[in-house]
Amino acid sequence: MTVFVLGSINLDAVARVDDLPRPGETVAGLSLELFLGGKGANQAVAAARMGAPTRLMGAVGADETGKSLKAKLAGYGVQVADVMELDGVATGQAHVWVAASAENMIVVTAGANAKVTPQQVSATPLEGQRVLLCQLETPPTAIEALFRTGAAKGALRVLNAAPALPQGAALFPLTDILILNQTELATYAKLDREPVRLEDVSVAARKLMSRPDQTIIVTLGSAGVAAVRRDEAFLIEGKKVKAVDTVGAGDCFCGALAAALAGNIDLRDAVEMANAAAALSVQKAGAAPSMPSRREVEVFLEG
């Protein structure tokens, strides 16, 4: 069963520094590398690497950068027939600074990603799609069109509500599984501080539920992942690894989870697999290039 991703495709320019700059400060870059990125692309690569047939819908500029990124996606096994090449529009870009501590700062310029329309989504055949996966780097109106159509097709609608945007909350009632990190949960639930304990995470997550059949998954960094339903909550503890680059770890989790769910794996086991995949991803540089294969995840879990 297929994973269908609607999402962003960016060229990531990743500069490594000893320490992240403060406002007004200039620091020396240790290196600069260019990677395939964007939340949509990263999540699609993660799902494909986990063995799920994966389609990506999005947009790039009709330029060499756009063509190169589409070719890289295809090289990872992602189906790119639904990725449009738009004239007169730049391909999306992300400028990423990564410190020696593995912390990062990111500025994203949407470019072609902002041009995906509800009409294009509605005209796309969705038969046979098990999981629909979206993030908030493409227009919410397009995501709404996908989720409304997908509901009629019986697909599982998964929203990674990142980055945290006010208009993202309007999509929650259309979502079957909502994925957030601690910061995003605090933003949407209007909390003064990020919840840490499972009990506090559960209370905050349930504030965002609009239907009794929804699941909210909260990634907690090194502490692991919490999954919250109306009548239960559980924590999958984090894996202890040495982080090299945390860029794309959340995307890895989302894509791996979608792949596991598309394979009809139980939610708890799917969360555990996705948690392991994310732990593996932070041990390599880059976003898309760091996504592990399903076999790597299985070996890691066995160890």
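Coordinates for the structure precede this section.
A brief structural summary. Each chain has its residues counted from 1, running along the sequence as written. Given that the model is predicted, a residue must reach a pLDDT of at least 70 before its local features are reported, and side-chain atom pairs must reach 80 or more before they are shown or counted; all residues, however, enter totals for whole chains, interfaces and linings. With hydrogens and water set aside, each side-chain value is computed from the structure's full complement of heavy atoms.

Turning our attention to the overall build of the protein chain. Helix and strand definitions follow DSSP, with helices as H or I runs of at least four residues and strands as E runs of at least two, each counted in order from the N terminus. In terms of helices and strands, the protein chain carries nine helices and 14 strands. Against the compact-globule benchmark of 19 Å for 303 residues, the protein chain has a radius of gyration of 18 Å, which places it among compact chains. Once the C-alpha set of the protein chain is aligned to its principal axes, its extents read approximately 50 × 45 × 40 Å. Each residue gets one of three labels from its accessible area relative to the maximum for its type: buried under 20%, exposed over 50%, partly exposed in between, using a 1.4 Å probe on protein chains only. Taking all 303 residues of the protein chain together, 54% fall into the buried category. Any two residues having at least one pair of non-hydrogen atoms within 4.5 Å are treated as being in contact. Across the protein chain, contacts joining residues at least 24 apart in sequence account for 66% of those joining residues at least 6 apart. Method for areas: the Shrake-Rupley scheme with a 1.4 Å probe, in which residue coverage is limited to the protein chains shown. Surface accessibility of the protein chain: about 13000 Å² in total, with carbon and sulfur atoms responsible for 53%. Of the charged side chains in the protein chain, 28 are positive and 32 negative; the average position of the first set lies 3 Å away from that of the second. In this description the radius of gyration comes from C-alpha coordinates, and the expected globular size is given by 2.2 Å times residues to the power 0.38. In this count, Lys and Arg are taken as positive residues and Asp and Glu as negative ones, while His and the chain termini are left out. Charge positions come from single atoms, namely NZ of Lys, CZ of Arg, CG of Asp or CD of Glu.

This part covers the packing of aromatic side chains. Ring pairs shown here join Phe, Tyr and Trp side chains whose ring centres sit within 6.5 Å, with only the six-membered ring taken for Trp; geometry is labelled stacked below 30 degrees between planes, edge-to-face above 60, and tilted in between. Inspection of every chain in the model, using the stated rule, returns one aromatic pair. Measuring from ring centre to ring centre gives 5.0 Å for Phe172 and Tyr188, while their planes differ by 70 degrees; the resulting arrangement is edge-to-face. Separated by 16 residues along the polypeptide, Phe172 in the loop between strand S10 (156–160) and strand S11 (177–181) and Tyr188 in helix H5 (residues 182–188) bring together distant segments of the chain. The buried category is assigned to Phe172, whose relative accessible area is 5%. Over the ring of Phe300 we find Lys239; its NZ or CZ atom is 5.8 Å from the centre of that ring. Consider the ring centre and the ring normal. A charge sits over the ring if Lys NZ or Arg CZ is within 6 Å of that centre and within 35 degrees of that normal. A cation over an aromatic ring shows up here: Arg268 above the ring of Phe234, its NZ or CZ 4.1 Å from the ring centre.

Now for the sheet that holds strand S7 (residues 92–98). Across a sheet, paired strands are connected by hydrogen bonds in the backbone, their directions being either parallel or antiparallel. Pairing between strands is defined by DSSP: at least two bridges between them are needed. Across the sheet, four strands lie side by side as S3-S2-S7-S8; this open sheet has mixed pairing. Looking at strand neighbours, the two that pair on one side only are strand S3 (31–37) and strand S8 (104–109), the edges of this open sheet. Within this sheet the neighbouring strands show an average axis-to-axis angle of 20 degrees, counted without direction. In this structure, strand S2 (residues 10–16) lies alongside S7, joined through seven bridges in parallel fashion. Looking across to S7, one finds that Ala13 is bridged to His95. Throughout, an axis means a line fitted to C-alpha atoms (over the contacting stretch in the case of helices), and angles, computed between N-to-C directions, take values from 0 to 180 degrees.

Turning our eyes to something else, we now look at the side chain of Asp12. Within the element layout of this structure, Asp12 appears in strand S2. Notably, Asp12 is buried but unbridged: the nearest opposite-charge side chain belongs to Lys39, and the N-O separation is 9.6 Å. For salt bridges, the criterion is a side-chain nitrogen of Lys or Arg within 4 Å of an Asp or Glu carboxyl oxygen.

Let us now look at the pattern of salt bridges. This structure, assessed with the given rule, holds 17 salt bridges. Note that Arg49 and Glu296 form a salt bridge whose closest N and O atoms lie 3.6 Å from each other. Here Arg49 is found in helix H1 (residues 39–49), whereas its partner Glu296 is found in helix H9 (residues 294–302), with 247 residues between them in sequence. Residue Glu296 is classed as partly exposed on the basis of its relative accessible area of 33%. In this structure, the salt-bridge partner of Asp82 is Arg55, at a minimum N-O distance of 3.0 Å.

Another point: helix H8 (residues 267–281). Expected span, for any helix, means 1.5 Å times one less than how many residues it has. For H8, with 15 residues, the first-to-last C-alpha span of 21 Å sits near the 21 Å given by 1.5 Å per residue. Among the 15 residues of H8, 12 are classified as buried, and the element is accordingly described as predominantly covered. Restricting attention to buried positions, one finds in H8 the residues Leu267, Ala270, Val271, Met273, Ala274, Asn275, Ala276, Ala277, Ala278, Ala279, Leu280 and Ser281. Buried residues along H8 sit in contact with strand S12 (215–219), strand S13 (224–228), strand S14 (233–237), helix H7 (249–262) and H9.

Attention now moves to the nonpolar core. Counting residues in hydrophobic clusters, the biggest one holds 53 residues, and the most contacted among them are Ile9, Leu73, Ile217, Phe253 and Leu257. Sorting elements by how many residues they give to this core places H7 first, with 10 residues. By convention a nonpolar core is built from buried Ala, Val, Leu, Ile, Met, Phe, Trp, Tyr and Cys residues, the set being connected through side-chain atoms within 4.5 Å. With 40 residues, the next largest nonpolar core counts Val116, Leu132, Ala189 and Val201 among its residues.

Taken as a whole, the largest pocket spans an internal volume of roughly 1300 Å³. Using a grid of 1 Å spacing that covers the protein atoms alone, one calls a set of points a cavity when a 1.4 Å probe fits there but cannot get out, and a pocket when the set is open and has protein on both sides within 12 Å along at least five of seven lines; lining residues are those with an atom within 4 Å of a point. If you go around the largest pocket, you meet 48 residues; those closest to its centre are Asn181, Thr246, Gly248, Ala249 and Gly250. Any residue that is not Ala, Val, Leu, Ile, Met, Phe, Trp, Tyr, Cys, Pro, Asp, Glu, Lys or Arg is counted as polar, Gly included; the first ten are nonpolar and the last four charged. Classifying every residue of the lining of the largest pocket by side-chain character gives 21 nonpolar, 18 polar and nine charged. Grid points are joined across faces, edges and corners, and a volume is the space filled by probe spheres set on the points.

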